[in-house]
Amino acid sequence: MSRLQVWTRDLAMGARFAFGGGREGWIRTLLTGVGVGLGVALLLISTAIPGALTARYERGDARSTMHSDTADAPGPDTLLIARIGQTYHHKDIEGHVVRAEGPNAPLPPGLKKIPGPGEMALSPALDELLKSSEGALLRERLDARVSEVVGDPGLVGPGELLFYLGSDTLRKNGPEDYRVERVTGFGYEADRENLDPVLMLMVVLTFVALLMPVAVFIATAVRFGGDRRDRRLAALRLVGADSRMVRRIAAGEALAGSLVGLLLGTGFFAVGRSLVGSVSLRQRSVFPADLDPAPWLAVLVALAVPAAAVAVTLFALRGVVIEPLGVVRTARPSRRRIWWRLLLPLVGLGLLVPLDGRGNSHGRFNQWQVSAGVVLLLVGITVLLPWLLERFVGKMSGGPVSWQLAVRRLQVNTGSAARLVNGIAVAVAGAIALQMLFAGVEGDYTESTGQDPGRAAVAVMVNRESDAPMDELAQRIAAVQGVTRAVPLTSAQAAHRMPAEEDTVQVTVGTCDALGEVATLDSCEEGDAFVLTGPSSTGFYGGTAKPGDELFVGNVRRYEFETTDSPAPVKWQVPAGARTVPAREDPTGQLRSGLLVTPSAAPKELGDFPDARIFVQVDESGPDALDRARNAVFKTDPFVTAMTLRDSTQAAGFSSIRTGLFFGAAAVLVLIGASLFVSQLEQLRERRRLLSSLVAFGTKRSTLSLSVLWQTAVPIVLGLVLAAFVGTALGAVLMGMAAQPVRIDWPSVLGMTGVGAGVVAAVTLLSLPPLLRLMRPDGLRTE
Amino acid sequence: MSIGHTLLGLLEAGPRHGYDLKRAFDEKFGHDRPLAYGQVYSTMSRLLKNGLVEVEGIEAGGGPDRKRYSITDAGITDVEAWLSQPEKPEPYLHSTLYTKVVLALLTGRRADELLDTQRAEHLRLMRILTQRKRKGDIADQLICDHALFHLEADLRWLELTAARLDQLAREVRR
Amino acid sequence: MMTPAGSLLVATDLRKAYGTTNALDGAEFSIHAGEVVAVMGPSGSGKSTLLHCLAGIVPPDSGSISYAGRELTALSDAERSALRRTEFGFVFQFGQLVPELTCVENVALPLRLTGVRRKEAERTALHWMEQLQVEDLGAKRPGEISGGQGQRVAVARALVTGPRVIFADEPTGALDSLNGELVMQLLTEAARSANAAVVLVTHETRVAAYSDREIVVRDGKSRDMERIV
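Residues numbered from 1 in each chain as written. Chains lettered and ligands numbered in written order. Predicted model: local features only at pLDDT ≥ 70, side-chain atom pairs only at ≥ 80, totals over all residues. Heavy atoms only, no water.

1. Some thoughts on the sheet that holds strand 9 (residues 213-218) of chain C
Residue and element names in this part refer to chain C.
Phase 1: The mixed open sheet is built from six strands, whose spatial order is 6-7-8-3-9-10. Of all strands in the sheet, those bounded by a partner on one side alone are strand 6 (88-91) and strand 10 (221-224). Here the strands of the sheet are splayed against their neighbours by 20° on average, with no regard to which way each runs.
Phase 2: Where strand 3 (residues 36-40) and strand 9 come together, four bridges link them in parallel fashion. When the sheet's bridge partners are listed, Ala38 is paired in strand 9 with Glu214.
Phase 3: Those strands touched by helix 6 (residues 177-193) are strand 3, strand 7 (165-169) and strand 8 (197-201), and its axis lies near 165° from that of strand 7. (Pairing = 2+ DSSP bridges. Helix = DSSP H or I, 4+ residues; strand = E, 2+ residues; numbered from the N terminus. Axes fitted to C-alpha atoms, helices over the stretch in contact; angles between N-to-C directions. Contact = heavy atoms within 4.5 Å.)

What follows is the structure, given as structure tokens:
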């Protein structure tokens with residue numbers, strides 16, 4: 001028989017054992033299948049994510065007008081389009097006003113026709129929101145007739161909130177009217193830039209950190225119930241199989257389990273994929289159709305998993321001698337050596353350290369170098385842990401009985417304990433490193449805004465082009481139910497000479513009540529004027545003036561706006577009685593400088609103010625007040641921006657990525673916990689008689705339960721310590737690479753190790769009922 | 001093995017002619033060694049002389065073997081004593097024990113008691129031998145072990161018989 | 001009441017059912033201090049169940065077990081465990097030694113459970129291992145010694161706390177006759193010298209011959225063979 005035939009025959013026999021081993025054999029194969037299946041599903045999802053993101057970007061690009069072809073004058077093929085993004089119930093809604101200027105105006109993706117005046121096209125999710133009771137207030141804002149629902153090609157995700165509002169009044173006021181674009185087409189050929197190096201680092205790391213433990217887990221899962229299997233192999237030896245044959249048969253059994261796992265994994269993936277469409281995380285959603293693994297990656301998974309199953313089995317049986325009368329583990333395998341174990345992480349570190357600082361100033365990382373470095377560091381954990389565990393428990397003696405039982409058990413078989421914990425350790429280390437990196441990078445993006453939502457919930461920014469008279473808008477907002485106060489403030493630039501140099505003076509105009517928002521006024525009457533003190537920022541509005549000064553007010557830097565038709569600056573004298581008052585931060589956190597003037601003392605015939613804002617305070621008890629105020633603003637002028645004030649802002653997505661990462665790592669840990677639990681059960685069942693006899697001579701149940709706890713806890717605690725150490729080191733190196741100051745993110749270190757500890761506790765708790773059952777004297781019955 | 005006790009036991013089930021007695025004996029216990037008629041005759045004479053049996057009647061026109069015997073009260077007591085007395089454990093005991101068990105079943109006595117009694121007697125001897133073995137030299141040990149293994153075999157037979165008493169009772173009473 | 005005067009452990013009218021099968025159906029038992037009593041009977045007769053009840057491992061459904069004047073059936077599980085730790089010793093057929101612990105640690109285990117310090121417990125353990133002629137196996141693990149040696153280690157463990165009753169359930173069941181005899185000889189000698197009673201469940205008569213008295217269990221009923229003769 002050829003080699004191939006021999007292998008095929010033995011593997012097939014193993015597979016038959018996997019399915020034909022009675023109920024227990026089935027259960028074991030199924031467990032392996034579920035374990036491998038979960039891993040495979042994770043692998044498939046990971047391989048599909050890049051594709052899904054690309055698909056999102058592509059559709060986003062296809063409807064973008066940012067780099068589209070534009071026209072200077074109306075034509076048969078031009079479309080006017082302006083963004084009017086909305087916020088409703090803290091959700092962001094992407095919105096555009098469109099006006100076709102000719103019969104051949106370009107059609108936005110996903111639309112069949114351009115909505116006419118009084119019409120709008122909606123995304124399915126927005127349509128649903130508007131139809132629901134939750135969208136009642138939004139219906140008042142978006143009250144146009146729905147002409148159609150935007151098709152999938154026009155959406156980046158199934159949960160996206162998007163509308164195109166038709167208009168016949170939209171116009172473009174000259175080329176510098178940046179709000180409105182006149183386009184002749186949508187989309188652009190994206191010249192994909194290279195991924196930001198730091199972002200690339202994160203992506204690579206995320207994949208490595210999440211996939212490594214999955215690989216470790218699969219390796220563990222194919223050996224579920226290994227001890228029992230080994231004993232059956234001994235029986236095969238008795239009837240004449242040679243030792244190489246039984247190894248192949250064992251590999252066949254694992255192979256069968258992994259094939260079941262592949263099937264289940266594909267199933268899990270399909271189920272997860274169909275569910276993904278209905279899930280929206282922080283307003284981000286993915287079309288199931290986009291979640292397609294790259295074919296070559298899927299093939300790779302399909303080939304690698306069974307191959308890994310066979311390899312792991314053969315590797316695991318390396319130290320096992322299967323004799324016809326039983327399984328002998330080579331009693332004392334040669335002591336584990338440290339040097340090559342240290343070599344791996346050191347080489348990994350050596351690959352990463354030279355990249356230090358490359359994240360800055362448009363540096364580039366070699367992807368392979370980064371991946372190899374990270375993989376070596378993480379694999380370093382899996383080889384260091386057995387050595388560490390052996391050293392740690394090797395010398396230990398003493399302590400209470402429960403401790404002694406656990407430690408001795410670990411001494412006899414450090415390998416299998418370490419194997420189980422390896423997955424946890426790698427997952428935790430990777431997650432810690434990633435969390436550190438994210439936390440560090442996030443520091444750049446999260447900043448205190450200085451805004452004070454207590455003083456105003458919304459700042460309505462009215463810009464130059466707005467059609468609505470300021471006071472009218474303020475009155476309308478004030479009239480909205482739930483709005484307690486609407487404070488309008490306008491400001492203009494002034495200068496001592498024309499054209500103005502750097503030190504222009506900011507002149508803020510408002511009622512005494514409104515001025516109180518930006519300065520501390522002891523008294524104020526209509527007709528008063530004030531000069532602001534306090535730390536003044538430099539730049540545009542850095543200058544100030546003394547009472548009695550002659551100023552030009554208005555478009556004092558006119559040369560910058562040669563083409564605008566705004567009126568010329570007017571001359572104005574700072575009132576002589578202007579008092580000096582300290583400035584105070586306005587609700588948006590801005591500290592003003594320059595002059596404060598009540599309306600009757602203000603310069604006349606200014607035309608529109610370059611900057612006007614209305615601070616809106618709402619009644620906290622009515623959550624809808626905010627949206628009613630926004631409705632009023634939108635009705636007056638859709639272009640006016642209503643900015644919700646927050647204490648701090650965070651770059652969108654970062655916190656959700658961190659949350660996702662945390663839960664991903666936690667899920668991996670739970671998965672590994674499940675396999676720990678299964679092997680724990682196996683082990684307990686095997687020791688049934690022993691447990692019963694220990695109970696017979698009076699061993700307390702608590703002693704045995706504690707020993708089970710120690711047995712799980714000791715390797716895991718060691719693994720977690722090692723993981724925290726390696727993870728922090730890796731995180732520090734990565735932060736160095738991203739040119740971030742190294743800072744240990746204790747919450748994530750504690751969080752991840754906490755989850756690891758939780759897994760130990762859960763496994764122990766779950767093992768207790770079967771343990772207590774096994775400790776019953778029934779185990780002593782021989783009859 | 002006591003032929004006298006056996007014949008007495010057979011009579012306890014009901015009066016019989018001498019020839020019937022021989023036939024019953026051969027059928028149940030004789031196996032490959034049938035009882036000589038002369039032996040039956042002489043045994044019955046001895047029992048008659050000792051008052052353990054009596055002649056119930058002689059059939060007309062008959063020969064010397066036409067006497068019909070029945071058991072006396074003294075005879076019943078004698079059988080009783082014999083059955084409840086454990087045999088001295090010795091080789092080839094089974095034929096005696098077997099006879100006793102069958103007779104006990106035939107006469108409605110408790111065969112399991114009989115077996116237990118014998119078992120206790122065997123074990124008593126085994127204990128003595130075990131004691132002797134513990135204190136003795138290697139020769140003693142080997143001799144004792146020989147006896148112990150034989151006794152153990154007997155005991156196993158006793159156990160097995162005890163477990164099959166019901167089956168045997170059905171067979172015997174048929 | 002047929003309680004013999006001076007008995008250490010007396011059980012009357014024990015009943016215990018597992019599901020629908022009556023493992024014990026009115027069994028009686030008694031043993032004096034220092035006495036060796038063999039419990040015999042066919043498989044499934046309930047002899048192991050009798051031992052488990054007597055040792056307080058399994059509570060009987062009904063009946064009374066009195067040990068040194070204390071009613072075992074009235075004790076809580078924790079109290080019975082404590083009693084087993086201090087007053088009783090156990091030897092089973094197999095699978096009773098903790099495979100990861102060395103032999104001396106295995107023998108010392110019951111002492112450690114009662115709170116004796118490790119050093120002292122192992123010293124006492126070695127003393128008993130000498131009695132059982134296995135003192136040179138101290139550093140080995142159960143997987144590295146023979147079955148007969150393992151049983152002797154187990155006997156040493158049963159004796160290490162100085163128990164007043166040793167319960168031995170088929171202690172020679174997995175051994176050949178030579179090793180079986182050796183174990184029985186050492187067990188009974190050690191028990192006698194320690195004045196410990198031995199409840200010996202066995203199906204081998206040659207093993208039972210090491211006893212002073214024999215009780216046969218059939219169909220859940222016990223029979224004291226001593227009273228027959």
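2. A look at the side chain of Arg84 of chain C
Phase 1: Turning to its location among the elements, Arg84 of chain C is positioned in helix 2 (residues 77-87).
Phase 2: For the buried Arg84 of chain C, no salt bridge exists, and the shortest N-O distance to an oppositely charged side chain is 5.1 Å, to Asp77 of chain C.
Phase 3: Once residues lying within four places of it in the same chain are set aside, the contact partners of Arg84 of chain C are Val695, Ala696, Phe697 and Gly698 of chain A together with Ala55, Gly56, Ile57 and Phe90 of chain C. (Buried < 20%, exposed > 50% of the residue type's maximum accessible area, 1.4 Å probe, protein only. Lys, Arg positive; Asp, Glu negative; His and termini not counted. Salt bridge = Lys/Arg side-chain N within 4 Å of Asp/Glu carboxyl O.)

3. Thoughts on the pairing of strand 7 of chain C
Consecutive side chains of a regular strand alternate in pointing toward one face of the sheet and then the other.
Residues and elements named next belong to chain C.
Phase 1: The element strand 7 is extensively covered by neighbouring structure, given that five of its five residues are classed as buried.
Phase 2: Every second residue of strand 7 is oriented toward a common face, with Val165, Phe167 and Asp169 on one face and Ile166 and Ala168 on the other, all of them buried.
Phase 3: Summarising the sheet, strand 6 and strand 7 pair through four bridges and their orientation is parallel. Of the residues in strand 7, the one forming a bridge with Gly89 is Ile166.
Phase 4: The pairing of strand 7 with strand 8 spans five bridges and is parallel. Bridge pairing links Ile166 to Val198 in strand 8.
Phase 5: What joins strand 7 to strand 8 is helix 6, and the crossover it makes is right-handed. (Right-handed = clockwise from strand over helix to strand, strands pointing away.)

4. Remarks on the interface of chain C and chain A
Phase 1: Between chain C and chain A, the contact holds 33 residues from the first and 30 residues from the second.
Phase 2: Together chain C and chain A conceal approximately 2800 Å² of surface at their shared face, both sides included; 57% is due to carbon and sulfur atoms.
Phase 3: The three residues of chain C that bury the most area against chain A are Glu100, Arg112 and Leu113 of chain C, which together make up 21% of that side's buried surface.
Phase 4: Summed over the shared surface of chain C and chain A, the number is three salt bridges. (Buried area = accessible area lost by both parts, 1.4 Å probe.)

So yeah, pure geometry; function would need other evidence.
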